[in-house]
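# Survey of secondary and tertiary structure
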Amino acid sequence: MFGYFTKRLIQIVVVLWAVSVLVFVMMSFTGDPTYMMVPLDATEEQIAQARRLLGLNDSHLVQYGHFLSSLVRGDFGRSFVFRQPAMQLILERLPATLEIVILAMAIALVVAIPLGVYAGASPERASSHAVMAGSLVGISLPGFWLGMVLIYVFAVKLQLVPSSGRGPTQELFGLRVSFLSWEGFRHLILPALTLSVGTLAILIRIIRAEMMEVMKQDYIKFARAKGADRRGVLFKHGLKNALIPLVTVFGLMMGDLIAFATLTETIFAWPGIGKLLVDSIYRGDRPVIVVYLMFVAFMFVVVNFVVDILYAVIDPRIKVK
Amino acid sequence: MKRFAASELFHSFRHNRSAMIGAAIVAMFVVMVSIGPWLVAQDPYDVAQLELMDSFKPPVWLEGGVPQYLLGTDGQGRDVLASIVYGSRISLFIGFTAMLGSCVLGAALGLLAGFYGGKLDSVIMRIADIQLSFPSVLTALFLMSAFGTGADKVLIALISVGWVVYARIVRGSTLRESQKEYVQAARVSGLPNRKIILRHVLPNVLTPLIVVATIQVGTFILIEASLSFLGVGVPITEPSLGLLIKNGFDVLFSGLWWISVFPGLFIMLIVFGINLLGDFLRDELNPRLK
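Each value, and the rule that gives it
Residues numbered from 1 in each chain as written. Chains lettered and ligands numbered in written order. Predicted model: local features only at pLDDT ≥ 70, side-chain atom pairs only at ≥ 80, totals over all residues. Heavy atoms only, no water. Helix = DSSP H or I, 4+ residues; strand = E, 2+ residues; numbered from the N terminus. Buried < 20%, exposed > 50% of the residue type's maximum accessible area, 1.4 Å probe, protein only. Areas by Shrake-Rupley, 256 points an atom, 1.4 Å probe, with all protein chains shown as cover. Lys, Arg positive; Asp, Glu negative; His and termini not counted. Charge placed at Lys NZ, Arg CZ, Asp CG, Glu CD. Salt bridge = Lys/Arg side-chain N within 4 Å of Asp/Glu carboxyl O. Contact = heavy atoms within 4.5 Å. Buried area = accessible area lost by both parts, 1.4 Å probe. Polar contact = N/O pair within 3.5 Å; in protein donor to acceptor, adjacent residues only side chain to side chain. Nonpolar A, V, L, I, M, F, W, Y, C, P; charged D, E, K, R; others polar. Domains from an automatic or database assignment. Phe/Tyr/Trp six-rings, centres within 6.5 Å; stacked < 30°, edge-to-face > 60°. Bend = angle between axes of the 7 residues up to and from the residue. Core = buried A, V, L, I, M, F, W, Y, C linked by side-chain atoms within 4.5 Å. Axes fitted to C-alpha atoms, helices over the stretch in contact; angles between N-to-C directions. Left-handed = near helix turned anticlockwise from the far one by under 90°. UniProt positions renumbered as here; feature names shortened; annotations may be inferred. pLDDT = per-residue confidence, 0-100. Patch = residues over 30% accessible without salt bridge, like charges linked within 9 Å, V, L, I, M, F, W, Y side chains within 5 Å.

## Examining the overall build of chain B
Looking only at helices and strands, one finds 12 helices and zero strands in chain B. When the elements of chain B are put in sequence order from the N terminus, they spell out α-α-α-α-α-α-α-α-α-α-α-α. In terms of principal-axis extent, the alpha carbons of chain B reach across some 75 × 50 × 30 Å. Taken across its 290 residues, chain B has 50% of its residues classed as buried. Per element, the accessible surface of chain B, about 13700 Å² overall, is 65% carbon and sulfur. Of note, chain B has its 22 positive side-chain charges centred 16 Å away from the centre of its 19 negative side-chain charges.

See the structure below:
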């Protein structure tokens, strides 16, 4: 177990290092950041001096060295636009993103589990076919477009909920959250719903496939034969075993939610890290883009690490290598 | 063609309703993008043909709609249906070409990794692992932010995220195939590696790619739409369906819903059709499920 831990930790460091190389290479593609830094009426001389100060005259290898050492020291640079440490900008906006991501995940699980179990347990019924067709539509539609349709119907036409922005926030364990008040929740519900649809649709398909596999097993036949009631068989024996493989895709789904949050947040003007990324791309705010990528990469490797450990804990048949 | 018509695959296709629906949707789009531009009355990108007087006309069944513009017009007097026909061309072209590119690149790298093994194998597969740990939309978004807009750049970005899945599948099957007698025999008979790979291994590792390739066209159409919606995809001169949605988003709050809703419906329809076909192929080509 200890060997496995160290191996995985080394792997995490390697992945993060690779991401840092990739980010650095791509960032040197995007052109000269000097012009972002100097005033519009700067003289040639001032520009040259700024370039020297930024270290842009050094070789790429030396520049990468500087970049890496500042990353390791936890110095992620300052935003060109906000003139604030880029990391601080990310951390300020993180709770807003986590809020819609977690609510979206919860909606997806609550809806997908019963539907997936049902469609997997009786796959030939017409209603199961309807569930599957619905989930295929969910996979096929662009999530950001669905968000727009929801805005049009519920915010513009029916005026049930606000069309954009984050409502009032309260402090909870030191984080600013908005789901505690009714007004905040009204702002939260459409973005979370929009974000959840893709994940929800995929989850239904995964759970159904797993359930179909599990329902063929002998222990299900045995449970049925001994006369356990149908719901008990489905949820206690069936679902429990079908959920194990779901743990492995959990990390991937969190990743997708964070990725698609960039679109959802843009549509709903939701002040999270995804909108920050898109805005920073428009403005060429390089340090923020770099920190976003490094931060998200870090989050993904940690989530995947935890998921792998959990997997081994939940399913004792899987020996940790 | 005759052989295909008599084949088992075609037989089960004829008896599978959702596969037929999927094929019909895809066929409809292929017809639309190939002859559509001659059917619609207006070239939406020829400024001379635009009438500003006709801007913001609603669809024909709503009050104020005119039969000339079935699905209404946008702020420049562009026919929404005509824009969709032209936009579908760009979306489908990007989705399909990026799939071909990813398939060729991924299969080539997978063959090399699986056949030669060793350092080459570990380097290629580690890159693949690292990429897989990052959602493709984010990677593509990041690449586009570095490249700038352009259909060619979208293609490069999509291929850079799309090759991984082919490489992994092909590497796996190549490893298995290389152990089999026919490959051993080809080796013993002194055939150069290049020929063994291309003539003997390659044809035997392609089947599993068909399903992935089909579904990937749909995925790529969606990713392209997302990139263009964020303004880092295709430029304004080559508007795909995603860019049409973006243009309509700005006026959505004034109640002008048709400019953005219809292009999205068309994206949903084509991706849905592709996914129906992909599901059918997966069930048919996967011997484990039969």
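## A look at the pattern of salt bridges
All chains considered together, the criterion is met by nine salt bridges over all chains. Overlapping salt bridges, with partners in common, bring together R205 of chain A together with D279 and R282 of chain B in one network.

## Structural notes on the interface of chain B and chain A
Each side of the interface is counted separately: chain B has 40 residues, and chain A has 44 residues. Overall, the association of chain B and chain A removes approximately 3600 Å² of surface from exposure, summing both partners, and the carbon and sulfur fraction of that is 81%. Taken together, the connections running from chain B to chain A amount to one salt bridge. Put simply, chain B and chain A have six residue pairs in polar contact (both at pLDDT 80 or more) between them. When residues of the side of chain B that touches chain A are traced back to their parent elements, those giving at least two are α5 (118-132), α6 (136-147), α10 (207-229), α11 (241-252) and α12 (258-285) of chain B. If one sorts the elements of the side of chain B that touches chain A by residue count, α12 of chain B sits on top with 12 residues. Considered class by class, the residues forming the side of chain B that touches chain A number 28 nonpolar, eight polar and four charged.

## Some details on the domain arrangement of chain A
Note on interface size: it is often stated as the accessible area lost on association of the parts. Residues and elements named next belong to chain A. Under the domain assignment, chain A is made up of domain 1 (2-73) and domain 2 (86-314). Relative to domain 2, the C-alpha centre of domain 1 lies at a distance of 33 Å. Each partner contributes to the interface: domain 1 provides 17 residues, whereas domain 2 provides 14 residues. Carbon and sulfur atoms supply 80% of the area buried between domain 1 and domain 2, which totals about 1400 Å² over both sides. Among the residues domain 1 hides against domain 2, the three largest losses belong to R8, L16 and M27. Together they make up 36% of the total. The interface formed by domain 1 and domain 2 contains zero salt bridges. For the side of domain 1 that touches domain 2, the elements supplying multiple residues, two or more each, are α1 (2-29) and α4 (60-72). Looking at the side of domain 1 that touches domain 2 residue by residue, the class counts come to 12 nonpolar, three polar and two charged.

## Some words on the packing of aromatic side chains
Tallied over the full model, the rule gives 13 aromatic pairs over all chains. On the numbers, 5.3 Å between centres and 65° between planes, the contact of F24 of chain A with Y64 of chain A is edge-to-face. Of this pair, F24 of chain A sits in helix α1 while Y64 of chain A sits in helix α4, placing them 40 residues apart in sequence. Each member of the pair, F24 of chain A as well as Y64 of chain A, is classed as buried. On the numbers, 5.5 Å between centres and 50° between planes, the contact of W257 of chain B with F262 of chain B is tilted. In this structure, W257 of chain B and F262 of chain B share a single accessibility class: buried. Ring pairing ties together the aromatic residues F144 of chain A together with F229, F249 and F253 of chain B, which thus form one cluster.

## A closer look at helix α3 (residues 17-39) of chain B
Residue and element names in this part refer to chain B. Its maximal kink placed at V33, α3 deviates by approximately 50°, while the proline P37 follows within four residues. Among the residues of α3, A19, G22, I25, F29, M32, V33, G36 and P37 are the ones counted as buried. Where the residues of α3 are buried, they touch α2 (8-14), α4 (80-116) and α12.

## Regarding the nonpolar core
Among the nonpolar cores identified, the biggest contains 167 residues, and V23 and Y292 of chain A together with I84, L138 and F229 of chain B are the most heavily contacted of them. Sort the elements by how many residues they give to this core and helix α5 (residues 86-121) of chain A lands first, with 16 residues. Residues lining this core come from more than one domain, with at least three contributed by each of domain 1 (2-73) and domain 2 (86-314) of chain A. Non-local contacts of Y292 of chain A, meaning those with residues more than four positions away in its chain, are made with I90, I258, T262, I273, G274 and L277 of chain A together with L138 of chain B. Grouped together as the second largest cluster of nonpolar side chains are seven residues, A113, M125, W163 and V164 of chain B included.

## Focus: unusual backbone geometry
All names here are of chain A. Phi is positive for R83, which is not a glycine, with a value near 55°. Along the chain, the position of R83 falls in the loop between α4 and α5. Positive phi, normally seen in glycine, also occurs at A269, with a value near 50°. Under the relative-accessibility criterion, A269 is labelled partly exposed at 33%.

## Notes on the packing of α5 of chain A against helix α10 (residues 230-268) of chain A
All names here are of chain A. Their axes nearest at 8 Å, the elements α5 and α10 cross at an angle of 145°. As for how α5 packs across α10, the hand of that crossing is right-handed. In this structure, α5 contributes T97, I100, V101, A104, M105, I113, V117 and A121 to the contact, and α10 contributes R230, L234, F235, L239, F250, M253, M254, L257, I258, A261 and E265. Residues of the contact of α5 with α10, tallied by class, amount to 16 nonpolar, one polar and two charged.

## A closer look at the UniProt feature "transmembrane region" (unreviewed entry) in chain A
Under the UniProt annotation, the feature "transmembrane region" (unreviewed entry) is placed at residues 12-31, 100-121, 133-155, 188-207, 243-269 and 289-314 of chain A. What you have in residues 188-207 of chain A is 100% helix and 0% strand, and the ends, taken at the C-alpha atoms, are 27 Å apart.

## Brief notes about the confidence of the model for chain B
Segments scoring low in pLDDT should not have their predicted coordinates read at a detailed level. Mean pLDDT over chain B works out to 86, with 96% of the residues at or above the 70 mark. We note a pTM of 0.89 for the whole complex and an ipTM of 0.87 for its interfaces.

## Description of the environment of F13 of chain B
All names here are of chain B. Within the element layout of this structure, F13 appears in helix α2. Residue F13 is classed as buried on the basis of its relative accessible area of 18%. Dropping the residues within four chain positions of it, F13 is found in contact with A19, M20, A23, L277 and F280.

## Re the side chain of S260 of chain B
Mapped onto the fold, S260 of chain B is located in helix α12. When sequence neighbours within four positions are dropped, the list of residues in contact with S260 of chain B reads W145 and M148 of chain A together with I245, G248, F249 and L252 of chain B.

## A word on a nonpolar patch on the surface
A surface patch of nonpolar side chains, about 390 Å² in accessible area, is lined by F298, V302, V306, L310 and I314 of chain A. By the secondary structure assignment, V302 of chain A is in helix α12 (residues 286-314).

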